[in-house]
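The residues making up each chain are set out below.
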Amino acid sequence: MKNYLSVIALLLLSCFHSLEAQDLKLQIEKETEQLHKLVKKAERKGIDVSKELSTFRTAAIFSRYADWDEKNFKKNVKLFNLVKKLNDKTPEENAHYLPQFEREQILLMLKNAQSELEAVLSGEHQRQATPKIDWSNLDINNNTIEQNGEPVFIYDYVWKPTSKEFQEFYGEQDGIFLTTGYLNEDGSLKHYKLKEIQNKESGTLGTVFLNHLNPPKWAIDKYTDFTVGGRRYTGYDIDNPGAKEIQRQLISQVAPLTKGKNYAKLGWMLTNEPHWFTIKDSWASGTVSNFTLEKFRGYLKEKHKDISVLNKRWNTSFTSFDAVEISIPIEAKLQGTSKWYDWMSFNQYRVTEWFTFLQDEIRSHDKEAHTHIKLMPNLWTENKRDHGIDMEALSDLTSIMGNDAGSHYSAMWGKKEEWVDHYAYSWREMCMSYDFYKSISPNKVIYNSETHYLSTVKFRELDLNLDYVNATHWMATILGLNSSKAWFWPRKEDGSLKSYTEKGYAGSLAMQPAVVDKVTRTMMDLNANAQALTEIQNLRKPIRVFYSETSAINLKKHMDDVFTTYENLFFEGYSIGFVTENILKKQSQKNWDVVVVQKTPFIKQSEKDALQKYLDNGGTVIIDNASILKNEYGEKLSPLNKSNGQLIKVEDLNEMKLKALAEVTSKHTLQVSELNDHAKKGVFWRYVNTDKNSNMLTLINIGKEARAIEIKLTDAEKSTSVKNILTGEQLENNITLQPFDVLFVEVNDSLKL
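Anyway, here's the lowdown on the structure attached to this text.

Analysis parameters
Residues numbered from 1 in each chain as written. Predicted model: local features only at pLDDT ≥ 70, side-chain atom pairs only at ≥ 80, totals over all residues. Heavy atoms only, no water. Helix = DSSP H or I, 4+ residues; strand = E, 2+ residues; numbered from the N terminus. Rg over C-alpha atoms; globule rule 2.2 N^0.38 Å. Buried < 20%, exposed > 50% of the residue type's maximum accessible area, 1.4 Å probe, protein only. Salt bridge = Lys/Arg side-chain N within 4 Å of Asp/Glu carboxyl O. Pairing = 2+ DSSP bridges. Axes fitted to C-alpha atoms, helices over the stretch in contact; angles between N-to-C directions. Core = buried A, V, L, I, M, F, W, Y, C linked by side-chain atoms within 4.5 Å. Contact = heavy atoms within 4.5 Å. Parallel < 35°, antiparallel > 145°, perpendicular 65-115°, else oblique. Nonpolar A, V, L, I, M, F, W, Y, C, P; charged D, E, K, R; others polar. Expected span 1.5 Å × (residues − 1). Left-handed = near helix turned anticlockwise from the far one by under 90°.

### Side note on the overall build of the protein
Of regular secondary structure, the protein possesses 21 helices and 24 strands. Here the C-alpha radius of gyration of the protein, 28 Å, is about what a compact globule of 753 residues would show, namely 27 Å. Here the protein holds 753 residues, and the buried ones make up 57% of them.

Below, the structure written as structure tokens:
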């Protein structure tokens, strides 16, 4: 009887959903028709309707997806079951609700689009024109991507369908995929792949994806221990002589064919998310090969010169460098020892050498070829250093700065994160890494080939906050992002899934038409103002945080301290940067006014020498008492001396901030003040002065609570005028920003208007 009643309940629920679906479809038709009428009016008045056309397209695609979801309930139950804890609903409830949810989001999009366009038609708001991007006519010029000499910001989606319907409003990135599996044992390229590349048209701006998974069986048989020391995205040993041999063969076959092609203009991606973790009992960790250990012994000999020096530092009694032994994976308890430091620095050295080899091989066939690596920024912004990634060296090496930076405002599992008490979302990884990249190589494009703002492994929200979507894309762009490819679009044209995308599907953007619509509209706003925003991206960074890889390797939580220093300066309106030994040596010290050093006890002698030379040349260093005490092996260092510069000692972070702000030579022409009393500031702001003597100011509230702010010109005699650039509205200079709110305003002297 109980089973019978359950069946009846399901049938009734199904009938209810069917009736509701028909009602929603009729509402969508009605609202679409109404928006079409408004669009025709706007077109007659010469108003740009790109946003509305994109909304039509998104609505049409996701209406089709909703129909597929309605017919594939059991499939969706299975997919929702793959997610640990998406929301409070069961997988069955989510699968039943999904088609309705998608249609409700489509209705929301259409109604919001009507409201926005009605405000424009009535004259209440203005509408900026957004450039139409021709992906076959894009060029990379230093730190910008340009169309006809004007900067643009481009975006696409990972695994999105390539048909025309999915290109006009969601990106048209091209490219080719390469792997050693395409190689024959004689070094030639498999015939079908060779023909594919030979026959491929120049196409649109794109990238050559160099994959290192699944080496061919003949290579595994041919090269001794070829897979020993391999990792998740590199399935073979990079120190094995065979690794270079097969890559030379592959690159020599392909690089001459890709030369000058649009689909390769965005560069060769040398690998996906590289990592070589080596701590015992940790994620993705593993052993290394005898080839690696032999190379390590040579590295030690070059570093220490005499075996007695190594023995003293390691507290060992090896008879020669050839006799040195080390157990890999290494014990975590060894952190802070000389053995630990030498292994971690060597692991970075060998990985950097590998990528240098790959780039050199490509450039030997195409000297103009761009390169990038999909680096995981958290390998720098977080504390671990056993992964082999020297973020500075690899970012400096390649001509495009590749990454897959992300953010999140919730998590399906794990411990409570520290940012939750103060901020609306986690911004550390994205913001700190992009400021680091722009400090290392200010004249390079930043390309995020797998943006994780919308979902990650453990961040999924079925009803994702649209203001968060806008804020993250806006913030990433302000901090330097030029090109992005969002994670991810797992559906085919008809709504069905690609088989390899199932695990990350539930809760992704492919279930959320309003998210896709918001991304498109945000990117249109960004591109409508690309010139001013590019200037903000390239603002001088007058305050620099000193960063030492030496302390990062030796200390368990050094990056937490680096972030605290950065965070303390982040909300003061200045673009914040970093300096390292290499930046101090390579770049003009005119690029900054002051260097701050906090909780950085371990530095190499060469790092100290670089700081001392900066002081000798008249530089300013603000330092605490816990910094520059020992070299990489814990041996005492003599302190810095002020020489011809300023050496300012401080007791705490607040004093450090006040002293640093006092040293900035380019003083603010305007000030944004938070009027609330909070433990930490939350309004991020950057601005640029234009030729019209106006200030183009962008603000984002990343704080957990609403923030009341005052925008005021620094000159007390001037009256401040604030205008919303996106809508043309005149605003008060006292504004309350909700969490995730974004403003882009023009600030002037109202007496001169």
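### Let's talk about the pattern of salt bridges
Side-chain pairs of opposite charge can arise where the charged atoms are in close proximity. Inspection of every chain in the model, using the stated rule, returns 49 salt bridges. With a closest N to O distance of 3.6 Å, Lys51 and Glu116 form a salt bridge. Separated by 65 residues along the polypeptide, Lys51 in helix H2 (residues 50-71) and Glu116 in helix H4 (residues 91-122) bring together distant segments of the chain. A salt bridge links Asp69 to Arg491, with the nearest nitrogen and oxygen atoms 2.7 Å apart. One end of the pair, Asp69, is in helix H2; the other, Arg491, is in the loop between strand E11 (481-486) and helix H15 (513-528), and 422 residues separate them in sequence.

### Describing the sheet that holds strand E3 (residues 150-152)
If you walk across this open sheet you meet the three strands as E1-E2-E3, and the pairing is antiparallel. What marks the edges here is a single partner per strand, and that holds for strand E1 (139-141) and E3. When strand polarity is set aside, the average angle formed by the axes of neighbouring strands in this sheet is 55°. Across three bridges, the pairing between strand E2 (residues 144-147) and E3 is antiparallel. In the sheet register, Gln147 faces E3, and the bridge partner there is Glu150.

### A few points about the nonpolar core
Core analysis: the biggest nonpolar cluster contains 160 residues, and Trp268, Tyr425, Trp427, Tyr434, Met475 and Trp489 have the highest contact counts within it. Among the elements that take part in this core, H4 stands out by supplying eight residues, more than any other. Look past the residues within four positions of Trp427 in its chain and what remains in contact with it is Met432, Phe563, Tyr566, Glu567, Phe570, Phe571 and Ile702. One finds Phe318, Ile326, Trp340 and Phe346 within the second-largest nonpolar core, a separate group that totals 22 residues.

### A few points about the packing of helix H8 (residues 290-304) against helix H9 (residues 307-314)
For the pair H8 and H9, interaxial distance at closest approach is 8 Å and the crossing angle is 100°. When the axes of H8 and H9 are compared, the pair comes out roughly perpendicular. Counted together, Phe296, Leu300 and His304 of H8 and Val309, Leu310, Arg313 and Trp314 of H9 form the full contact between these two elements. Along the lines of polarity and charge, the residues of the contact of H8 with H9 split into five nonpolar, one polar and one charged.

### Regarding H15
Over its 16 residues, H15 extends 23 Å from the first C-alpha to the last, a length consistent with the 22 Å expected when each residue adds 1.5 Å. The buried fraction of H15 amounts to 14 of the 16 residues, a majority that puts the element mostly inside the structure.

### Thoughts on helix H20 (residues 605-616)
What sets the pattern is the α-helix's 3.6 residues per turn: residues three or four places apart point alike. For H20, which comprises twelve residues, the first-to-last C-alpha distance of 16 Å matches the rise-based estimate of 16 Å (1.5 Å per residue) to within 8%. Glu607, Lys608, Ala610, Leu611, Gln612, Tyr614 and Leu615 are the residues of H20 that are buried. Contact partners of the buried residues in H20: strand E12 (543-546), helix H17 (549-554), helix H19 (581-586), strand E14 (594-597), strand E15 (620-623) and strand E16 (646-649). After H20 finishes, the residue Gly618 shows a positive phi value of roughly 95°.

### Quick word on the environment of Ser673
Looking at the element boundaries, Ser673 is found in strand E17 (residues 670-674). Overall, the relative accessible area of 28% leaves Ser673 in the partly exposed class. Residues Ser673 and Phe571, spaced 102 residues apart in sequence, show a C-alpha to C-alpha distance of 9.9 Å. Leaving out residues up to four positions away in the same chain, Ser673 has contacts with Ala708, Ile709 and Glu710.

### As for the sheet that holds strand E5 (residues 174-179)
Spatially, E5-E6-E7-E8 is the arrangement adopted by the four strands of the open sheet, whose pairing is parallel. Looking along the sheet, the strands with just one partner apiece sit at the ends: E5 and strand E8 (371-374). This sheet shows a mean twist of 25° between the axes of neighbouring strands, independent of strand direction. Most of the contacts of helix H7 (residues 241-258) go to E5, to which it runs at about 160°, and overall it touches E5, strand E6 (206-211) and strand E7 (268-272).

### Here's the deal with the packing of helix H14 (residues 466-478) against H15
At their nearest, the axes of H14 and H15 sit 9 Å apart, and the two run at 35° to each other. For the pair H14 and H15, the sense of crossing is right-handed. Judged by residue contacts, Leu466, Val469, Asn470, His473, Trp474 and Thr477 of H14 engage Ala514, Val515, Lys518, Val519, Thr522, Met523, Asp525 and Leu526 from H15. Classifying every residue of the contact of H14 with H15 gives eight nonpolar, four polar and two charged.

Note that all results are geometric; they support no functional claim without further evidence.
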